[in-house]
Amino acid sequence: MNKTLRNECLLLCGILLLAGIGYGLISYRQTQSTRDAQAVILVDGKEVGRYPLNEDCQIPIQGVNGGKNTLQIKNGTAKITKASCPDGICYKHRAIKKNGQTIVCLPNKVVIEIQSGDEADVDGSTN
Amino acid sequence: MKENRTKLVAYVGMLISLAFILSYVESLIPISLGIPGVKLGLANLVVMVALYTLGAKYAMLLSLIRIVLVGFSFGSLASMMYALAGGILSLLVMFLFYKRTIFSVRGVSMLGGVCHNVGQILMAMLVVQNPLLISYFPVLLISGTVAGLGIGLLAAMIIKRVEKVYRI
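The rules behind each value
Residues numbered from 1 in each chain as written. Chains lettered and ligands numbered in written order. Predicted model: local features only at pLDDT ≥ 70, side-chain atom pairs only at ≥ 80, totals over all residues. Heavy atoms only, no water. Salt bridge = Lys/Arg side-chain N within 4 Å of Asp/Glu carboxyl O. Helix = DSSP H or I, 4+ residues; strand = E, 2+ residues; numbered from the N terminus. Pairing = 2+ DSSP bridges. Axes fitted to C-alpha atoms, helices over the stretch in contact; angles between N-to-C directions. Contact = heavy atoms within 4.5 Å. Polar contact = N/O pair within 3.5 Å; in protein donor to acceptor, adjacent residues only side chain to side chain.

This paragraph deals with the pattern of salt bridges. Taken as a whole and assessed by the stated rule, the structure comprises three salt bridges over all chains. The partner of B:Arg106 in a salt bridge is A:Glu8, and the shortest N-O contact between them spans 2.6 Å. Of this pair, B:Arg106 sits in helix α5 (residues 105–128) while A:Glu8 sits in helix α1 (residues 3–29), on two different chains.

Now for the sheet that holds strand β4 (residues 68–74) of chain A. Residues and elements named next belong to chain A. Judged by pairing direction, the sheet is antiparallel, and its three strands sit side by side in the order β3-β4-β5 without closing on themselves. For this open sheet the edge positions go to β3 (57–62) and β5 (77–83), each flanked by a neighbour on one side alone. Across the sheet, the mean angle separating the axes of adjacent strands is 25° when strand polarity is ignored. For β3 and β4, the ladder comprises six bridges, and the chain directions are antiparallel. Across the sheet, residue Gln-62 finds its bridge partner in β4, namely Lys-68.

The next thing to look at is the environment of A:Asn108. Residue and element names in this part refer to chain A. Relative to the assigned elements, Asn-108 resides in the loop between β6 (102–105) and β7 (110–115). Once residues within four sequence positions are removed from consideration, Asn-108 is found in contact with Val-43, Gly-63, Val-64, Gly-67, Lys-68, Asn-69, Ser-84 and Cys-85. A distance of 3.4 Å separates the side chain of Asn-108 from the side chain of Ser-84, its partner in a polar contact.

Below, the structure written as structure tokens:
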């Protein structure tokens, strides 16, 4: 085996390893959502709404530059069912339900993010 | 010498058009996996050939012009941003390796493919200000490498046949 082939195999292994470790870490952090899981809608980095995954609904979203997306929550998962963007990647993305998963519409700068109930910010508590 | 200059202009012009057409063809192929950023990178075939026959400067020029042209014709101004981020990062990394014997054309292309995707995701994370997008990294690392390998194998075959004619 010549030098470049060996190096390239090493490179491939290295990348696969990195990807594997990354995937493991991410799966570990994306625990199955609790019953309080919510789909959070962010437009241009700012939160515009959050909806619990256990209540079916359809929410229209106003993205940047007049872009529109429609979030659909059904059967405990979130999915984008309508999008005005040219590429439609957000539309083809499979439904998400795990904590930390996202569906992104880059042209409209829309991000749907799943947050489990545990991590929701607590505004205050009394003892 | 003037003839060489003309040849150069014609050659680069041809490469730009090729890269442009390949980008268009690629945009017609639906991405079946439903994960953003998984693509073949056909236009990078041309960039690789330019890199190995004309050198770094022209490869970068070619890539930048192609991305801007595509952005203005059938892409969008926003998509140009991500393509630029991925393209520039990928080229910078390839510049480090293409003259060395550590990697052959295959390997350089693999590296380029990975870095292209890394660059795009980093830019996306920056634009929507959401670090959670990092969850796309594993898939894109692999798809970038595989696509890079395929393109690299093709590029190696083309470069071998074309370099005697087009080394300017």
